[in-house]
Amino acid sequence: MSSKKSKKTTKFTDEHAAVLQATHKPSTAFSKNARIGSMAAYEKLYRESIAKPEVFWAREARELVWRKPFSKTLKWKAPDAQWFIGGKLNVAENCVDRHAAGTRKNKAAIIWEGEPGDKRVITYAQLHREVCKFSNVLLARGVKAKARVLIYMPMIPEAAIAMLACARIGAVHNVVFGGFASEAILDRLEDSGATAIITADGGWRRGKVIALKPAVDEALKKYHKIKHVFVVKRTENDISMQPGRDLWWQDEMETASAKHEAEGFDSEHPLFILYTSGSTGKPKGILHTSGGYLTGTYSTCKYIFDMRDEDIYWCTADVGWITGHSYIVYGPLANGVTQLMYEGAPNEPDFGRFWKMIEEHGVTIFYTAPTAIRAFIKAGDQFPEKHDLTSLRLLGSVGEPINPEAWNWYYEKIGGSRCPIVDTWWQTETGAILISPLPGATPCIPGTATRPFFGIDAAILDEYGNECPPNVDGRLVIRKPWPSMTRTIYGDKARFHKTYFSDYPGIYLAGDGARRDKKGNFWIIGRLDDVLNVSGHRLGTAEIESALVSHPSVAEAAVVARPHDLKGQAIAAFVTLKLGYESSEDLGKELRDHVGHVIGAIAKPEEIHFTPVLPKTRSGKIIRRLLKELVTTGTISGNVTTLEDVGVIELLQKLLKK
Ligand code: PRX
């Protein structure tokens, strides 16, 4: 860092913003009942929380149940944070037992709907029984505190039960999204050193059974440390079970005791590892711990979703992503709310499915992703118009910037121009929402996640570490530690330090570009690193490139994103073949399928361009920036002086025109 003057990049004026985006203030009725009911109240508490973050966070943490109270709130020596030192708690007890033992005993914790239409309601008392039973199953099968357990499940209540049972006994879960393929499972097993797996025969998606167990079997051909695979019978498709190793969940649960005394674990006890894409081919095992993570998810649910006992809350994410961890399992359950959980696709049997479910279950808070909203817009207004959506009082958005068109449609067609929209910015690494409107206080403007949450010291810095003036693009950073921040990349402290805390020593670098307007609203622009955001799913260019290069025909590959109406970004791959291979449509299809096999269907490139050469610097680095511009605009306008061979641009332009 130096104190050189900040370099101005894109200029985006407040006047410009005002024309594009109207401001929507919360209604008086909403504000009156909200926990934070005015900007003045927000500003006051925000100022206090930034002056003394430890006071704010300690107060929030004390709303949880501690087996042993903490003696010190924070120990911070960048990049190492410890929160609520000396405290002991049980995360599952906080999410389940305390409600099951009180007045919420017979309240629905989870109202679940399977894709074929089957339904289950699980009360807090029943959830408690199930979690205790599965904890006993795990213990009886030798799973101990700190053991890593891989969870590969469809969206069924057992996914949440499995996570909570791991938390209850102090085992560290690693949930792998059900859309990932066997090699992704294998990578995660090897990196985490897991000894148990919890999976299912399959799940329902778009009217079909998607088998899960075969991918686990495939991974286990090469990984031999797994002692047991617990398999939930969901779809009854034929699967193979290896005697001794593989156990049916239902059989194990039949004889398990429902009595289990929760033990207090250290506040910094590891809770879970969740792998996410970074700028190398190897996903990062983001580690979250107990007391801080639970405090962050609990507190943000309370203030940002303003959760109440009367609410029916629905987050449409999958438990395989951080949104599912923080805003299906831990945050909502810590608040004792009733939530809806859904197994399948939004368009099964048609694009009215979500709206039908909102009407039938009386959903009051709905949290989804911009990519889903764009798909609904495309499908047509006739689907939501068929349903009574007046139960809704609050809407949320997560995963990528929400374009004003999608925001306005969501606001009018789904929220009836009545519901505030909380556009929540956060990351796998941050554990909980860091920037978002507070629904009873913050005026919403389409496209901005608005203001930082309490205790979050967010800023925009230029490359030299100076704070950017209003409306100038820079890098989004968080200057003070917060409880739910990731503690490390599992097994790779050096990478953790380098990725997040080395550009600006002691300051968390989010990896997103952003600007702040004069009113203090944060506008998130998108990733600055080689990370793509396809339908709200985070994928690394390097991961997809290494999957392509693992095909025998591929010599070299470069992957970039181009804007896509529905997905936000689509994947474009440039591939150079090895001598002796010829490009063809069939080979293109084979390569797409190959990526699907190595990573999962979500990573399949939308387009594959075969090229004899790739644009490179003299030192041999592929210049993805040029490829990105080419697939987006068809031309190159920027500086090409670093190119080793300028002729390559003309060649690529010709190729793309074909
Ligand atoms: O680029 C930002 C984008 O998603 C990234 C984090 O992805 P992941 O760790 O998979 O977590 C997604 C769910 C929290 C961020 O670096 N992102 C997330 N929310 C928003 C967003 N971009 C703009 N606005 C948002 N509300």
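Computed from a predicted model, the values in this text were never measured in an experiment.

*Asks:* Outline the packing of helix H8 (residues 182-192) against helix H9 (residues 213-220), supporting the account with residue identities and numerical values.
*Replies:* H9 packs onto H8 with a crossing angle of 55 degrees between their chain directions and a minimal axis gap of 8 Å. In terms of orientation, H8 and H9 fall into the oblique class. For H8 against H9, the interelement crossing comes out right-handed. In this structure, H8 uses Ser 182, Ile 185, Leu 186 and Leu 189 to contact H9, whose residues at the interface are Ala 215, Val 216, Glu 218, Ala 219 and Leu 220. Taken together, the residues of the contact of H8 with H9 sort by class into seven nonpolar, one polar and one charged.

*Asks:* Explain the sheet that holds strand S4 (residues 108-113) to me, and be specific about the residues and the numbers.
*Replies:* Within a beta sheet, neighbouring strands are joined by backbone hydrogen bonds and run either parallel or antiparallel to one another. The mixed open sheet is built from seven strands, whose spatial order is S5-S4-S17-S16-S18-S19-S20. In this open sheet, the two strands that pair with only one neighbour each are strand S5 (119-123) and strand S20 (421-424). The average angle at which neighbouring strand axes cross in this sheet is 20 degrees, direction not considered. Direction of pairing for strand S16 (residues 312-315) relative to strand S17 (residues 338-342): parallel, over a ladder of three bridges.

*Asks:* Account for empty space enclosed by the protein, naming residues and giving values.
*Replies:* Per the stated rule, a full pass over the model turns up two cavities of 30 Å³ or more. Its volume calculated, the largest cavity comes out at about 50 Å³. Residue classes in the lining of the largest cavity are distributed as seven nonpolar, three polar and no charged. One number sums up the size of the second largest cavity: a volume of about 30 Å³. Surrounding the second largest cavity, Trp 57, Gly 296, Thr 300, Ala 432, Ile 433, Leu 434, Phe 453, Ile 456, Trp 482 and Ser 484 form its lining. Considering only residue class, the lining of the second largest cavity consists of seven nonpolar, three polar and no charged.

*Asks:* Talk me through the side chain of Asp 217; I want residue IDs and the actual numbers.
*Replies:* Looking at the element boundaries, Asp 217 is found in helix H9. Residue classification places Asp 217 among the buried positions, given a relative accessible area of 17%. Here the side chain of Asp 217 touches Lys 213 through a polar contact of 2.7 Å, side chain to side chain. In this view, Asp 217 contacts Ser 240, Arg 245 and Asp 246; residues no more than four positions away in its chain are not counted.

*Asks:* Could you give an account of the site of the ligand, with specific residues and numbers?
*Replies:* Taken together, 17 residues lie around the ligand, and Asp 423, Thr 424, Thr 428, Arg 527 and Arg 538 are the ones closest in. Between the ligand and Gln 427 there is a distance of 3.0 Å, counted from an oxygen atom to a side-chain nitrogen or oxygen. With respect to the ligand, the side chain of Thr 428 contributes an N or O atom lying 2.6 Å from an oxygen atom. Taking 540 Å² as the accessible area of the ligand by itself, protein coverage stands at 96%. Of all the secondary structure elements, the ones that give two or more residues to the shell around the ligand are helix H12 (322-334), S20 and strand S25 (522-527). For the shell around the ligand, a count of residues per class yields six nonpolar, six polar and five charged.

*Asks:* Please give an account of H12 that cites residues and values.
*Replies:* Among the 13 residues in H12, 13 count as buried, and that is most of the element. Phi turns positive, to about 65 degrees, at Gly 336, one or two residues after H12.

*Asks:* Tell me about helix H14 (residues 370-379), residues and numbers included.
*Replies:* Of all the residues in H14, the buried ones are Pro 370, Thr 371, Ala 372, Ile 373, Arg 374 and Phe 376. Buried residues in H14 make contact with helix H13 (353-361), strand S18 (365-368), strand S19 (394-398), helix H16 (404-414) and strand S29 (568-577). Phi turns positive one or two residues past the end of H14, at Gly 380, with a value near 120 degrees.

*Asks:* How would you summarise the packing of helix H11 (residues 291-304) against H12 if you had to cite specific residues and measurements?
*Replies:* Viewed as axis vectors pointing N to C, H11 and H12 meet at an angle of 80 degrees, and their least axial separation amounts to 8 Å. One way to sum up the angle between H11 and H12 is to call them roughly perpendicular. Of H12, the residues touching H11 (which contributes Tyr 293, Leu 294, Thr 297, Tyr 298, Thr 300 and Cys 301) are His 325, Ser 326, Tyr 327, Tyr 330, Gly 331, Pro 332 and Ala 334. Looking at the contact of H11 with H12 residue by residue, the class counts come to eight nonpolar, five polar and no charged.

*Asks:* Explain the layout of surface pockets to me, and be specific about the residues and the numbers.
*Replies:* The space that makes up the second largest pocket amounts to roughly 870 Å³. The wall of the second largest pocket is formed by 33 residues, among which Arg 475, Asp 503, Leu 509, Leu 528 and Asp 529 lie closest to the centre. Every element with two or more residues in the lining of the second largest pocket is listed here: strand S22 (474-478), helix H17 (493-501), strand S24 (508-516) and S25. A total of six residues in the lining of the second largest pocket trace back to one element, the largest contributor, which is S24. Grouping the amino acids of the lining of the second largest pocket by side-chain chemistry returns eight nonpolar, 11 polar and 14 charged.

*Asks:* If you had to explain the pairing of strand S11 (residues 228-232) to someone new, which residues and values would you point to?
*Replies:* Every regular strand shows the same layout, with side chains that alternate between the two sheet faces. The element S11 is extensively covered by neighbouring structure, given that five of its five residues are classed as buried. On S11, burial covers both faces: His 228, Phe 230 and Val 232 on one face and Val 229 and Val 231 on the other are all buried. In this sheet, S11 lies alongside strand S8 (residues 196-200) in parallel orientation, the contact comprising five bridges. Looking at the pairing, Ile 197 lines up with Val 229 of S11. Here three bridges tie S11 to strand S12 (residues 246-248), and the two strands are oriented parallel to one another. Opposite Val 229, over in S12, you have Asp 246 as the bridge partner.

Calculation criteria
Residues numbered from 1 in each chain as written. Predicted model: local features only at pLDDT ≥ 70, side-chain atom pairs only at ≥ 80, totals over all residues. Heavy atoms only, no water. Axes fitted to C-alpha atoms, helices over the stretch in contact; angles between N-to-C directions. Helix = DSSP H or I, 4+ residues; strand = E, 2+ residues; numbered from the N terminus. Parallel < 35°, antiparallel > 145°, perpendicular 65-115°, else oblique. Left-handed = near helix turned anticlockwise from the far one by under 90°. Contact = heavy atoms within 4.5 Å. Nonpolar A, V, L, I, M, F, W, Y, C, P; charged D, E, K, R; others polar. Pairing = 2+ DSSP bridges. 1 Å grid on protein atoms, 1.4 Å probe; cavity = no way out; pocket = protein on both sides within 12 Å on 5 of 7 lines; lining within 4 Å. Points joined across faces, edges and corners; volume = space filled by probe spheres on them. Buried < 20%, exposed > 50% of the residue type's maximum accessible area, 1.4 Å probe, protein only. Polar contact = N/O pair within 3.5 Å; in protein donor to acceptor, adjacent residues only side chain to side chain. Near = heavy atom within 4 Å. Areas by Shrake-Rupley, 256 points an atom, 1.4 Å probe, with all protein chains shown as cover.

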